[in-house]
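What the coordinates show
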Amino acid sequence: MSTHNQFTPKRTGFSPSQQVRHVSAIDLESLRQSGIRMLLIDFDNTLIARHEARPSAAVLAWLERARQAGIEAVVFSNNRSRRVSRIAGELRLRCFTGVGKPALSAYRTALDACGQTPATVVAIGDQVFRDIWGANRSGVHSILVEPLDRREFLPIRLIRPIERLVLASLRERQLRNVG
Ligand SMILES: [Mg+2]
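Treat the numbers as computed from the prediction; the structure is a model and nothing was measured. (Residues numbered from 1 in each chain as written. Predicted model: local features only at pLDDT ≥ 70, side-chain atom pairs only at ≥ 80, totals over all residues.)

1. A look at the sheet that holds strand 2 (residues 38–41)
Within the open sheet, the 6 strands sit side by side as 1-6-5-2-3-4. Their pairing is parallel. The open sheet has two edge strands, strand 1 (18–20) and strand 4 (94–96), and neither has a second partner. The sheet shows a mean angle of 25° between the axes of neighbouring strands, taken without regard to direction. Note that strand 2 and strand 3 (residues 72–76) share 4 bridges and pair parallel. When the bridges of strand 3 are listed, Leu39 appears paired with Ala73. Packed onto the sheet, helix 4 (residues 104–114) meets strand 2, strand 3, strand 4 and strand 5 (121–125) and runs at close to 145° relative to strand 3. (Pairing = 2+ DSSP bridges. Helix = DSSP H or I, 4+ residues; strand = E, 2+ residues; numbered from the N terminus. Axes fitted to C-alpha atoms, helices over the stretch in contact; angles between N-to-C directions. Contact = placed C-beta atoms within 7 Å.)

Dropping the structure here:
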């Protein structure tokens, strides 16, 4: 999937600005050039799978590249368990837990605390109805990744077929607009 021109125009509803398989496929240099200074990154199944003790080497290398590009990676999770803040601490990442995505207040709180505006932030996550919808409503660019692990909690597993339907219908509509 293309990593270029993903940020014009801004997306609305459930449609991500960009879609990639894994965070490591996100082109940090082009984000930097688009004025992006901060990434609000979902934790579970975006940065790390539930069975993993720490993020994979590919994720760690990508986080290091973000640091070198001058883009701050921030953990932004609905999960409020100690595991999230502990691992974020080990990675020396700023961390917001129990944020309540897709509520607008979740994004406002994080942006205010970090001194950013929607124009300088990209939100990254694996769930359309939380990560993407919340970001789009907040005017923050959104990148959808594939979940790291298919073995998910039942409520999330039930949502996945609906997500696929929504994404398929968005793709169809975009094709129709192009054609
Ligand atoms: Mg997630």
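2. Considering the environment of Leu47
Along the chain, Leu47 turns up in the loop between strand 2 and helix 2 (57–68). By C-beta crowding, Leu47 is classed as buried, having 30 other C-beta atoms within 10 Å. Measuring from C-alpha to C-alpha, the distance between Leu47 and Gly89 comes to 14 Å, with 42 residues separating the pair along the chain. Each residue touching Leu47, except ones within four places of it in the same chain, is listed here: Val23, Ile41, Pro55 and Val59. (Buried ≥ 20, exposed ≤ 12 C-beta atoms within 10 Å, placed from the backbone.)

3. Topic: the nonpolar core
Among the nonpolar cores identified, the biggest contains 41 residues, and Leu39, Leu40, Ile41, Val74, Val75, Phe76 and Val122 are the most heavily contacted of them. Not counting residues up to four positions away in its chain, the partners in contact with Val122 are Leu31, Ile36, Leu39, Val140, His141 and Ile143. (Core = buried A, V, L, I, M, F, W, Y, C linked by C-beta atoms within 7 Å.)

4. Some thoughts on unusual backbone geometry
For residues besides glycine, phi is generally negative; the peptide bonds are generally trans as well. The residue after Lys101, namely Pro102, is reached through a cis peptide bond having omega 10°. Tracing the sequence through the fold places Pro102 in the loop between strand 4 and helix 4. Of note in this structure, Asn45 is not a glycine but carries a positive phi near 70°. Inspection of the secondary structure puts Asn45 in the loop between strand 2 and helix 2. Despite not being glycine, Arg92 has its phi angle at roughly 55°, a positive value.

5. Points about the pairing of strand 6 (residues 141–145)
Among the 5 residues of strand 6, 5 are classified as buried, and the element is accordingly described as predominantly covered. Burial along strand 6 is two-sided: the face carrying His141, Ile143 and Val145 and the face carrying Ser142 and Leu144 are both buried. Strand direction decides the pairing type here: strand 1 and strand 6, joined by 3 bridges, are parallel. Directly across from Gln19, in strand 6, lies its bridge partner Leu144.

6. Here's the deal with the environment of Leu63
Within the fold, Leu63 resides in helix 2. Considering only alpha carbons, one finds Leu63 and Leu175, 112 residues apart in sequence, at a separation of 33 Å. Apart from the residues lying within four places of it in its own chain, the contact partners of Leu63 are Ala73 and Leu91.

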